[in-house]
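# A look at the structure
These are the residues of each chain, in order.
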Amino acid sequence: QALLLALWFGTMSNQFFEEWYALLPGWLIGVVVASHIIKWFLVPLCLHFFLIFPVPSPPLGRFPRLELYLYVPYLLVCFPHVVTSNVLWAISPDRAVVQGVSLFSRAASIIGLMYFACGLLSLLVNYRQASLLSRRKLRVVLAGTIMGFLPTFLWFAVRILFGHTQIANWLYLWPATASVTLL
């Protein structure tokens, strides 16, 4: 649990927007792009952590290999999209905006939202099944997680509905910054 939590917090530490790549010197862009690609592993790590915190969830008892298989949809759909998107933002931002509205982009975003939703659902189930002493400890974790993730979850849902265009980027910049700050 401690290792997963450390990895999850480590992935959340890079909150650099793709739109800011143009502001970086050339020698730093590769490092920031690689860091930004790794950052998006926070999505499956969130679900994985909440499936085992504070005790393993009931689905893990029924399906022991679920811990390994939960990364498969992310690696097949989301990860290729994240790599492609970040490389395009670094070398050709205009093409990245066009690519950002593709069906593949929406599928990756929907899968990412499902990971977050399942992670929060798992935390709620674990909270409901916990003992009284564990519930007191989990109450703070649950409140903080909902406060941090709900704005980000809503921002991504709006972004999926309305797309990723230049107007949307400008319009959603402040809500995105606020949600990332809360996260």
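Residues numbered from 1 in each chain as written. Predicted model: local features only at pLDDT ≥ 70, side-chain atom pairs only at ≥ 80, totals over all residues. Heavy atoms only, no water.

### A short note on the nonpolar core
The following threshold applies: The criterion is simple. A nonpolar core is a set of buried Ala, Val, Leu, Ile, Met, Phe, Trp, Tyr and Cys residues joined through side-chain atoms within 4.5 Å. We call a residue buried when its accessible area falls under 20% of the maximum for its residue type, exposed when it is over 50%, and partly exposed in between, using a 1.4 Å probe and counting protein chains only. Helix and strand definitions follow DSSP, with helices as H or I runs of at least four residues and strands as E runs of at least two, each counted in order from the N terminus. Contact between two residues is taken to exist if any of their heavy atoms lie within 4.5 Å; hydrogens are not considered.
Core analysis: the biggest nonpolar cluster contains 44 residues, and Trp-8, Val-43, Tyr-74 and Tyr-115 have the highest contact counts within it. Among the secondary structure elements, those contributing two or more residues to this core are helix 1 (2–12), helix 2 (26–39), helix 3 (42–52), helix 6 (72–91), helix 8 (103–129) and helix 9 (132–162). Broken down by element, this core gets its largest block of residues, nine residues, from helix 3. Apart from the residues within four sequence positions on either side, Tyr-74 is in contact with Trp-40, Phe-41, Val-43, Pro-44, Phe-79, Pro-80, Val-82 and Tyr-115.

### Section: helix 1
Spelled out, the test is: Directions from the helix axis toward the C-beta atoms define the arc.
Of the residues making up helix 1, those classed as buried are Leu-4, Trp-8, Thr-11 and Met-12. End-on, the buried residues of helix 1 take up no more than an arc of 105 degrees, which puts them together on one face. Facing away from the buried side of helix 1 by over 90 degrees, the exposed positions are Ala-2 and Leu-3.

### What to know about the packing of helix 1 against helix 3
Applicable threshold: Note on method: axes are straight lines fitted to C-alpha atoms, helices fitted across the in-contact stretch only, with angles between N-to-C directions ranging 0 to 180 degrees. Any angle between 65 and 115 degrees counts as roughly perpendicular, while under 35 counts as roughly parallel, over 145 as roughly antiparallel, and the rest as oblique. Each helix crossing is assigned a hand: it is left-handed if the near helix lies turned anticlockwise from the far helix by less than a right angle, otherwise right-handed if that turn is clockwise. Amino acid classes used here: Ala, Val, Leu, Ile, Met, Phe, Trp, Tyr, Cys and Pro are nonpolar; Asp, Glu, Lys and Arg are charged; the rest, including Gly, are polar.
Where helix 1 contacts helix 3, the axes come no closer than 9 Å and their chain directions differ by 150 degrees. The orientation of helix 1 with respect to helix 3, classified from their angle, is roughly antiparallel. For the crossing formed where helix 1 meets helix 3, the hand is left-handed. Residues Leu-4, Leu-5, Leu-7, Trp-8, Thr-11 and Met-12 of helix 1 form the contact with helix 3, whose participating residues are Leu-42, Leu-45, Cys-46, His-48, Phe-49, Phe-50 and Ile-52. When its residues are assigned to classes, the contact of helix 1 with helix 3 shows 11 nonpolar, two polar and no charged.

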